[in-house]
Amino acid sequence: LPRGTQHLLLAHPYKTGFLVSFLLLNLIGRANSFCSPARLQASPLSPTHSCFLRHRHPSFSVSPRSLNGILSVQMASEEKEKTVADTTPAVAFDEAKYEKERLALDAAARDQMKAQLEKVTEQGQLRSPWKWEIRQRIWDLMEKENIAREPRPVHHRIPNFEGAEAAAAKLCSLPEFQNGKVIKVNPDTPQKAVRNGVLAAGKVLMTPQPRLRTGFFSTLSQDTIPEGTLRECCTSVGVAKHGKPLTLDDDIKVDLVVVGSTAVCPRTGARVGKGEGFAELEYGMLRMMGAIDEKTLVVTSVNDVQVVDDIPADELLKHDVPVDVICTPTRIIRVPSSKPKPTGIYWDLLSPEKLSQVRVLQRLKKSIEEKTGEKLPSGPSETLPPLAERNNKMRGRGGRGRGRGGRG
């Protein structure tokens, strides 16, 4: 039945005409929308029509009125819905509340990390003590030489540094950056200028939600963010307000990965982060999604003092992510040969405590186990400090969990 002739049938509210109209509309998939209780509520019909509709919808009751009323009520209902939608005020995003909560969670995470480090060091349970020696040395040096920028102190953070904008400019000059369409950048402060460069260049910015506490990644681009909000969208608040959340099922291809570092080796690309392992988790999940592969370039931007040559590459674990390019305020270093990159999430290295902090990982693990019918392994348990133990108890009573920090 040509669409242009439907209204001709509906214009004749006779008993036979109604039945014919109904059957023909049903054939083209329109009857349910015209004759559902929601559409016909308060649109009474003739007894014959009423009987027919009761057969289809037993709970529906009507009284006489012509079929022309159906269309007018339907149009009025749709107009009413549209008016309500247009006039319902949007829930305002509380920036102050979000930022206060994020900073509090960030501080709690750093306190936990510091307490855990002290405890496992005393007990001799530190898995990679050389990493912490390098971190401490670089953090102390950056503070002592006043190379560090706010937020300070830089300890237990991806350290912000003097010259971050110059390093970002070097990164944005890379051919791989200029030719890329989707760039993944970490949410930490020293890479804020990189995120700005991605958006300013008209590319799609993919960035993790802080500490993966509320979800996975978000994407932003000039086409999707409000006019005049580009600089805001380089911050955690801006991403929360204007970003489009992604799921593990989204099909997206990432052309370049930018990670933050505390220290990095120019010979092997071996890097040291702040000690929480989120860069590795993010990389592993992107590999499992098929968003990146072994050939996807991994880049970091650091101050020159963060480029070191004493990272023992042979002691890196299989989940550690090496970099291919290092950008500093003064130079671009292409690593001659980096170690193999992780191929996914290594569940045998992921502690139950870390898994409990990241909901998207919990969903991913459950999904894999349901599809394969096999239980995935778990990594060794971590010794949680008193602060973390208290927070876990609070969560059991309805308290809020911690999140990923890194000031935007």
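With that out of the way, let us pick up helix α8 (residues 129-144). The terminal C-alpha atoms of α8 lie 22 Å apart, and with 16 residues this matches the ideal 22 Å at 1.5 Å per residue to within 8%. Listing the buried residues of α8 in full gives Trp130, Lys131, Trp132, Ile134, Arg135, Ile138, Trp139 and Met142. After α8 finishes, the residue Asn146 shows a positive phi value of roughly 60°.

Now for the sheet that holds strand β3 (residues 217-220). The sheet built from eight strands is open, its strands ordered β4-β3-β2-β1-β5-β8-β9-β10 with mixed pairing. Each end of this open sheet is capped by a strand with a single partner; those strands are β4 (244-245) and β10 (332-334). Here β3 pairs with β4 via two bridges, running antiparallel. Looking across to β4, one finds that Ser218 is bridged to Pro245.

Turning our attention to helix α11 (residues 192-200). Looking only at α11, the buried set comprises Val194, Arg195, Gly197, Val198 and Leu199. Residue Gly202 follows α11 closely and has a positive phi angle near 80°.

Below, the discussion takes up the packing of helix α13 (residues 278-289) against helix α15 (residues 359-372). Axis separation between α13 and α15 bottoms out at 12 Å; the angle between their running directions is 35°. The interaxial crossing formed by α13 with α15 has left-handed handedness. Taken together, the residues of α15 that come into contact with α13 (itself represented by Leu281, Met285 and Met288) are Val360, Leu361, Leu364 and Ile368. Class assignment of the residues belonging to the contact of α13 with α15 gives a composition of seven nonpolar, no polar and no charged.

Time to look at the confidence of the model for the protein chain. Confidence in the prediction for the protein chain averages 76 pLDDT; 61% of positions are at 70 or higher. Note on residues 27-90: pLDDT under 50 across the span, and 78 contacts to partners over four residues away in sequence or across chains. For the stretch residues 384-408, pLDDT sits under 50, and the model shows 66 contacts to residues farther than four places along the chain or on other chains.

This brings us to the pattern of salt bridges. The final tally for this structure, using the stated rule, is 15 salt bridges. Here Lys131 makes a salt bridge to Asp320, at a shortest N to O gap of 3.0 Å. With Lys131 in helix α8 and Asp320 in the loop between β8 (297-301) and β9 (325-327), this pair connects stretches of sequence that are 189 residues apart. Of the residues examined, Lys131 reaches a relative accessible area of 10% and is grouped as buried. Residue classification places Asp320 among the buried residues on the basis of a relative accessible area of 7%. For Glu232, the salt bridge identified is with Lys241, shortest N-O distance 2.9 Å. Ionic contacts of the salt-bridge type, sharing partners, join the residues Arg149, Glu162 and Glu165 into one network.

Right, let's talk about the pairing of strand β1 (residues 182-185) for a bit. With burial as the criterion, each face of β1 is covered, one bearing Val182 and Lys184 and the other bearing Ile183 and Val185. Here three bridges tie β1 to strand β2 (residues 204-208), and the two strands are oriented parallel to one another. Across the sheet, residue Ile183 finds its bridge partner in β2, namely Leu205. The handedness of the β1 to β2 crossover, carried by α11, is right-handed.

Take the state of the cysteines next. Throughout this description, disulfide means a covalent bond between two cysteine sulfur atoms. All chains considered together, the criterion is met by zero disulfides. The thiol sulfur of Cys172 is not disulfide-bonded, and the nearest other cysteine sulfur, from Cys327, lies at 8.7 Å.

To continue, consider the environment of Arg149. Of note, Arg149 is situated in the loop between α8 and α9 (164-172). Note: C-alpha distance between Arg149 and Asn160 (11 residues apart in sequence) is 5.1 Å. Leaving out residues up to four positions away in the same chain, Arg149 has contacts with Val154, Asn160, Phe161, Glu162, Gly163, Ala164 and Glu165. Among the polar contacts listed, one links the side chain of Arg149 to the side chain of Glu165, at a separation of 3.0 Å.

This part covers the packing of aromatic side chains. Applying the stated rule across the entire model yields two aromatic pairs. For the pair Trp132 and Trp139, a centre-to-centre distance of 6.3 Å together with 65° between the ring planes defines the contact as edge-to-face. Note on Trp132: relative accessible area 14%, which makes it buried. On the basis of relative accessible area, Trp139 is assigned to the buried category, the value being 0%. Taken together, a centroid distance of 4.5 Å and an interplanar angle of 80° make the contact between Phe216 and Phe217 edge-to-face. An identical accessibility class is assigned to Phe216 and Phe217; each is buried. A cation sits over an aromatic face here: Arg135 above Trp132, 4.4 Å from the ring centre. Cation over ring: Lys354 sits above Phe278, and NZ or CZ is 4.5 Å from the ring centre.

How each quantity is defined
Residues numbered from 1 in each chain as written. Predicted model: local features only at pLDDT ≥ 70, side-chain atom pairs only at ≥ 80, totals over all residues. Heavy atoms only, no water. Helix = DSSP H or I, 4+ residues; strand = E, 2+ residues; numbered from the N terminus. Expected span 1.5 Å × (residues − 1). Buried < 20%, exposed > 50% of the residue type's maximum accessible area, 1.4 Å probe, protein only. Pairing = 2+ DSSP bridges. Axes fitted to C-alpha atoms, helices over the stretch in contact; angles between N-to-C directions. Left-handed = near helix turned anticlockwise from the far one by under 90°. Contact = heavy atoms within 4.5 Å. Nonpolar A, V, L, I, M, F, W, Y, C, P; charged D, E, K, R; others polar. pLDDT = per-residue confidence, 0-100. Salt bridge = Lys/Arg side-chain N within 4 Å of Asp/Glu carboxyl O. Right-handed = clockwise from strand over helix to strand, strands pointing away. Disulfide = S-S within 2.5 Å. Polar contact = N/O pair within 3.5 Å; in protein donor to acceptor, adjacent residues only side chain to side chain. Phe/Tyr/Trp six-rings, centres within 6.5 Å; stacked < 30°, edge-to-face > 60°. Lys NZ or Arg CZ within 6 Å of the ring centre and 35° of its normal.

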